[in-house]
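Structural characterization, general
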Amino acid sequence: MIGYRPWPLVGYCWLYITPAVCTSTFIYSLVKYSPLKYNNTYVYPGWAYVLGWCLTLSSAVCVPVWMLNKLSQTPGTLRQRLRLLCRPSQDLPLARKQKGDCSVLSSDPVALLSADERQRETTARPGAPDLDTSVC
């Protein structure tokens, strides 16, 4: 994405240091919570807090709700659905250019599995149709 491979330190920062700092900041803000004051005299009423949280959650809750909606509507096992939904869309111009035009990925979640996983899927479900082993 940036034209070169970043240092390994960047990966460790994103995996461990950033989540640790964000989590500790969140916990600290919960522990040290105090009600808002205007000019150190006026304390806002409870309904104002409720209104503020409703406005905040109205935009923040859209992402998890959309994710659950997509997970529930996509066919396949949970592993297949997650693998399919976490891949770039096939109608993106760069994805087609790099990987070739492969329409099987967008329509068949079983095609995303490796050959070993496909073999386990067919042996785990007797009577299941034979799966195409060709992958783009």
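Note: the structure precedes this text.
Residues numbered from 1 in each chain as written. Predicted model: local features only at pLDDT ≥ 70, side-chain atom pairs only at ≥ 80, totals over all residues. Heavy atoms only, no water.

1. Section: the overall build of the protein
For clarity, the threshold we go by: Note on conventions: DSSP H or I runs of at least 4 residues are helices, E runs of at least 2 residues are strands, and numbering of each starts at the N terminus. For every residue, the accessible area obtained with a 1.4 Å probe (protein chains only) is divided by the maximum for its type, and the residue is called buried under 20%, exposed over 50%, and partly exposed between those limits. Contacts between residues were defined by any pair of non-hydrogen atoms, one from each residue, lying within 4.5 Å. Note on areas: these come from Shrake-Rupley sampling with a 1.4 Å probe, and a residue is covered only by the protein chains present in the view.
Along the protein, the regular secondary structure elements total seven helices and two strands. The N-to-C order of helical and strand elements in the protein reads α-β-β-α-α-α-α-α-α. Counting across all 136 residues of the protein, residues that qualify as buried make up 12%. For the protein, restricting intrachain contacts to residue pairs at least 6 apart in sequence, the fraction spanning at least 24 positions comes to 33%. Of the roughly 11600 Å² of accessible surface on the protein, a fraction of 65% belongs to carbon and sulfur atoms.

2. Regarding the packing of helix α3 (residues 62-73) against helix α4 (residues 78-85)
Operational definition: Axis lines are fitted to C-alpha atoms, over the contacting stretch for helices. Their N-to-C directions set the angle, which ranges from 0 to 180 degrees. Here is the rule for angles: anything less than 35 degrees is roughly parallel, anything more than 145 is roughly antiparallel, 65 through 115 is roughly perpendicular, and the remaining ranges are oblique. Left-handed is the label given to a crossing in which the near helix is rotated counterclockwise from the far helix by less than a right angle, and right-handed is the label when the rotation is clockwise. For this classification, the nonpolar set comprises Ala, Val, Leu, Ile, Met, Phe, Trp, Tyr, Cys and Pro, the charged set comprises Asp, Glu, Lys and Arg, and every other residue, Gly included, is treated as polar.
Where α3 meets α4, the axes come as close as 9 Å, and the angle between the chain directions of the two elements is 125 degrees. Considering their axes alone, α3 and α4 lie oblique with respect to each other. Seen from above, α3 lies across α4 with right-handed handedness. Only Leu-78, Arg-81, Leu-82 and Leu-85 of α4 make contact with α3, whose side of the interface consists of Lys-70, Leu-71 and Ser-72. Split by residue class, the contact of α3 with α4 holds four nonpolar, one polar and two charged.

3. Details of the packing of aromatic side chains
This is how it is decided: Aromatic pairs are defined between Phe, Tyr and Trp rings, using the six-membered ring for Trp, whenever the two ring centres lie within 6.5 Å; interplanar angles under 30 degrees are classed as stacked, those over 60 as edge-to-face, and all others as tilted.
Taken as a whole and judged by the stated rule, the model has two aromatic pairs. Measuring from ring centre to ring centre gives 6.4 Å for Tyr-12 and Tyr-16, while their planes differ by 20 degrees; the resulting arrangement is stacked. Linking Tyr-12 with Tyr-16, this pair stays in helix α1 (residues 8-31), spanning four residues, or about one helical turn. As far as burial versus exposure is concerned, Tyr-12 and Tyr-16 are alike and both exposed. Ring geometry for Tyr-42 and Tyr-44: centres 5.5 Å apart, planes at 80 degrees, overall edge-to-face. On the basis of relative accessible area, Tyr-42 is assigned to the partly exposed category, the value being 45%. According to the relative accessible area criterion, Tyr-44 is partly exposed, its value standing at 32%.

4. Examining the packing of helix α2 (residues 46-60) against α3
The interhelical angle for the contact between α2 and α3, taken along N-to-C directions, is 35 degrees, at an axis separation of 5 Å. For the pair formed by α2 and α3, the contact residues are Ser-58, Ser-59 and Ala-60 on the first element and Cys-62, Val-63 and Pro-64 on the second. Grouping the amino acids of the contact of α2 with α3 by side-chain chemistry returns four nonpolar, two polar and no charged.

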